Amino acid sequence: MPPSDPPLAEPLTTSDKPVFKNVDWTDFRDHLATADQQGRRMWLYPKDPEGRYTTVRKWVNIVLITIMFTGPFIRINGNPLLMMNILERRFVILGQVFWPQDLPIFATAMLIFLTGIAIFTAAFGRLWCGWTCPQTVMMEGVFRKLEFWIEGDHHVRRELDRGPWTLGKVLRKTVKHAVFLGLSFVVGNTLLAYIIGSEELSKIITDSPTLHVQGLTFMILFALLFYGIFARFREQACTFICPYGRFMSALLDENTIVVAYDKRRGERRETLHRSETPAARQASGAGDCIDCRQCVVVCPTGIDIRDGTQMECVSCTACIDACDNVMDKIKHPRGLIRYASLNGIETGEPLKVTPRLIGYSVVLLALVSLFVYLLFTRTAVQSTLLRARSDTLFQQTADGKIVNLYLLKVVNKTHLEIPLSLKLEGSGGSVKVMGGALRVPGEKLVETSVLIEMDPAKLTGGSTPLSIGVYREDEPGKPLEVLNTFFIGPRH
Ligand code: SF4
Ligand code: SF4
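Everything numeric in this text was worked out from a predicted model, so none of it was measured. (Residues numbered from 1 in each chain as written. Chains lettered and ligands numbered in written order. Predicted model: local features only at pLDDT ≥ 70, side-chain atom pairs only at ≥ 80, totals over all residues.)

1. Concerning the site of ligand 2
Thinking step 1. In the vicinity of ligand 2, 14 residues are found, and the nearest of them are Cys299, Ile305, Cys313, Cys316 and Cys319.
Thinking step 2. When grouped by side-chain class, the residues that make up the shell around ligand 2 number 11 nonpolar, 3 polar and no charged. (Near = placed C-beta within 6 Å. Nonpolar A, V, L, I, M, F, W, Y, C, P; charged D, E, K, R; others polar.)

Below, the structure is given as structure tokens:
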């Protein structure tokens, strides 16, 4: 049977927490919560949280995990929901294919993303980290839950790790790490499917391994990477690696909503004794915090939120639930730890719209407008016309016409084949696509040679600017785009 948590009247104290025994709790801002004074990693054994936020988070996790794992297999117009094929420079977002030619749209989307994060963080702190970050969702929503299930809650896990290698311990550890490895393999494969597409992934799985050595290597590397993160690295990914956690501190201010301890209400923290009445406690000047440390025991990053907002806090709300449960037991109002701004805690004021927030919002609005404009003016095809490499700059035909050779590249951004034709905008020449009709299959890039033939009398010198219209054959009235180039002829 797992040992139960200590009763409220006998709270954990610093010395009761062997995992933190080398830490001076008064210098919490000078060291990491998960490193002792020699810099050694201290393994955390957070307690399985329960409460209203945990319940909501469980359902949010289920929705997000479902989307995460089915994303590469959901099809819109035959395309996946999301694919970031960096190798082939092909990107699919919500079933729409984007090409490197759509760089301005990508750059704007990236700026919107970054500005959005800045605004969101300035207003709501690390809400992203606690509720939607894939690392937190998978770690706290899946791997940690499996660990609770296989090894037990915090006391049991700590005792198990400290104890000798009995058959039971070997079995539990073997099962846990086998499950973790298998699940990491699934997570790694899902990530791979987001990069190369689910069809390519299934080929790697079903074909002979010798045909996909590179793909298999990535598969194994991703599986090992995720196993390392979820089995060992854990909260260190948020504290050491994640850049968001780093720049978050620059974005927060006293009006940001964070998971916060109401020190005005909680202090002076003091143990609650069984015989103590609420009136006697109030008269003694003690605050609502009974120093039970349940908020610390559940924290997956090992911090004490009562010390104030800290870089390690991922806003997971576990401490809110833990403290609310304590408040319920001692019949005090919930919310000693809650979502609040520091200003709100100090003054009782609601969230303020600061000039910084207004500034970020104006920038975001401008970027979103630009993004919508770029999206709506995005052409179905995108072409480039470059002069082809040749020994001669131009050639002359038997009837005296001058001919230049070009290389045409056309990207079809739609999922339907488009028949195209080229036309010289102006008189005095003609355009001929080599190899017959120009039909560009959906979501493909076609390269072909193009000959432009000009009447020498229409040339304005050694180099004459030309405009070539790209037309849909079935809609010849208006060009899809106009390509500008130069035509080289004999100098007069
Ligand atoms: S803040 Fe709440 S959970 Fe944390 S020690 Fe105080 S009473 Fe306990
Ligand atoms: S302090 Fe609270 S909200 Fe922050 S990480 Fe720890 S348990 Fe989660």
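Anyway, onward from the coordinates.
2. Things to note about the site of ligand 1
Thinking step 1. Taken together, 16 residues are adjacent to ligand 1, and Cys289, Cys292, Gln294, Cys295 and Cys323 come closest.
Thinking step 2. Put simply, the parts of the chain that give the shell around ligand 1 at least two residues each are helix H13 (294-297) and helix H14 (318-329).
Thinking step 3. The dominant element in the shell around ligand 1, judged by the number of residues it contributes, is H14, at 3 residues.
Thinking step 4. Grouping the amino acids of the shell around ligand 1 by side-chain chemistry returns 10 nonpolar, 2 polar and 4 charged. (Helix = DSSP H or I, 4+ residues; strand = E, 2+ residues; numbered from the N terminus.)

3. A short note on the confidence of the model for the protein chain
Thinking step 1. Predicted confidence across the protein chain gives a mean pLDDT of 85, with 93% of residues reaching 70 or more.
Thinking step 2. Per-element confidence in the protein chain ranges from a low mean pLDDT of 77 for helix H10 (residues 243-251) to a high of 96 for H14. (pLDDT = per-residue confidence, 0-100.)

4. Side note on the domain arrangement of the protein chain
Thinking step 1. Segmentation of the protein chain into domains returns domain 1 (34-243) and domain 2 (381-488).
Thinking step 2. For domain 1 versus domain 2, the separation of C-alpha centres amounts to 48 Å.
Thinking step 3. Between domain 1 and domain 2, the contact holds 6 residues from the first and 5 residues from the second. (Domains from an automatic or database assignment. Contact = placed C-beta atoms within 7 Å.)

5. Focus: the sheet that holds strand E13 (residues 438-440)
Thinking step 1. Strand order in the open sheet formed by 4 strands is E13-E11-E15-E16, with antiparallel pairing between adjacent strands. Each end of this open sheet is capped by a strand with a single partner; those strands are E13 and strand E16 (481-488). Each adjacent strand pair in this sheet contributes to an overall mean axis angle of 35°, direction not counted.
Thinking step 2. Taken together, the 3 bridges between strand E11 (residues 418-424) and E13 define a ladder with antiparallel strand orientation. Across the sheet, residue Pro419 finds its bridge partner in E13, namely Arg439. (Pairing = 2+ DSSP bridges. Axes fitted to C-alpha atoms, helices over the stretch in contact; angles between N-to-C directions.)

6. Re H14
Every α-helix carries 3.6 residues per turn, so stepping three or four residues along brings you back to the same face.
Thinking step 1. Compared with an ideal rise of 1.5 Å per residue, which puts 12 residues at 16 Å, H14 spans 17 Å between its outermost C-alpha atoms and is within 8% of the ideal.
Thinking step 2. Every buried residue of H14 is listed here: Ala318, Cys319, Ile320, Asp321, Ala322, Cys323, Asp324 and Val326.
Thinking step 3. For H14, the secondary structure elements touched by its buried residues are helix H1 (52-70), strand E6 (258-261), H13 and strand E7 (337-340).
Thinking step 4. Of the residues trailing H14, Lys331 is marked for its positive phi of about 60°. (Expected span 1.5 Å × (residues − 1). Buried ≥ 20, exposed ≤ 12 C-beta atoms within 10 Å, placed from the backbone.)

7. Here's the deal with the sheet that holds strand E4 (residues 90-93)
Thinking step 1. Pairing within the open sheet is antiparallel, and its 3 strands lie in the order E3-E4-E5. Two strands bound the open sheet, and with one partner strand each, they are strand E3 (82-85) and strand E5 (96-98). Here the average twist between neighbouring strands, direction ignored, is 25°.

8. So, the packing of helix H2 (residues 103-124) against helix H16 (residues 355-376)
Thinking step 1. Between H2 and H16, the shortest axis-to-axis distance is 9 Å and the interhelical angle comes to 155°. Relative to H16, the element H2 is oriented roughly antiparallel. The handedness of the crossing between H2 and H16 is left-handed. Facing H2, whose interface residues are Pro104, Ile105, Thr108, Ala109, Leu111, Ile112, Thr115, Gly116, Ala118, Ile119, Ala122 and Ala123, H16 presents Arg356, Leu357, Tyr360, Ser361, Val363, Leu364, Leu367, Val368, Leu370, Phe371, Leu374 and Leu375.
Thinking step 2. Looking at side-chain class alone, the contact of H2 with H16 contains 19 nonpolar, 4 polar and 1 charged residues. (Parallel < 35°, antiparallel > 145°, perpendicular 65-115°, else oblique. Left-handed = near helix turned anticlockwise from the far one by under 90°.)

9. Digging into the pairing of E11
On a regular strand, one side chain projects to one face of the sheet and the next to the other, so that they alternate.
Thinking step 1. Bridge count for E11 against strand E15 (residues 463-472) is 5 bridges, and the pairing is antiparallel. What sits directly across from Leu422, in E15, is Val470.

10. Quick notes on the packing of helix H4 (residues 134-151) against helix H6 (residues 167-196)
Thinking step 1. Contact pair H4 / H6: the axes reach a minimum separation of 9 Å and the direction vectors enclose 155°. Judged on the interaxial angle alone, H6 and H4 are roughly antiparallel. Classified by chirality, the crossing of H6 by H4 is right-handed. Packed against H4, whose contacting residues are Met138, Val142, Phe143, Leu146, Glu147, Ile150 and Glu151, the element H6 presents Arg172, Val175, Lys176, Val179, Phe180, Leu183 and Val187 at the interface.
Thinking step 2. Residues belonging to the contact of H4 with H6 are distributed by class as follows: 10 nonpolar, no polar and 4 charged.

11. Things to note about unusual backbone geometry
Across the chain, the bulk of peptide bonds are trans and the bulk of non-glycine residues have phi less than zero.
Thinking step 1. A cis amide bond links Glu267 to the next residue, Arg268, at an omega of 0°.
Thinking step 2. Note on placement: Arg268 falls in the loop between helix H11 (263-266) and helix H12 (278-283).
Thinking step 3. Its identity as a non-glycine residue notwithstanding, Thr317 has a phi of 70°, on the positive side.
Thinking step 4. Structurally, the position occupied by Thr317 is in the loop between H13 and H14.
Thinking step 5. Since 24 C-beta atoms lie within 10 Å of it, Thr317 is described here as buried.

12. Some thoughts on the nonpolar core
Thinking step 1. By size, the foremost hydrophobic cluster in this structure holds 58 residues, and its most contacted members are Val259, Cys295, Ile305, Cys319, Cys323 and Ile337.
Thinking step 2. Of the residues forming this core, the biggest block, 7 residues, is contributed by H6.
Thinking step 3. With residues up to four places along the chain from it excluded, the contact list for Cys295 reads Ile305, Cys319, Ala322, Cys323 and Ile337. (Core = buried A, V, L, I, M, F, W, Y, C linked by C-beta atoms within 7 Å.)

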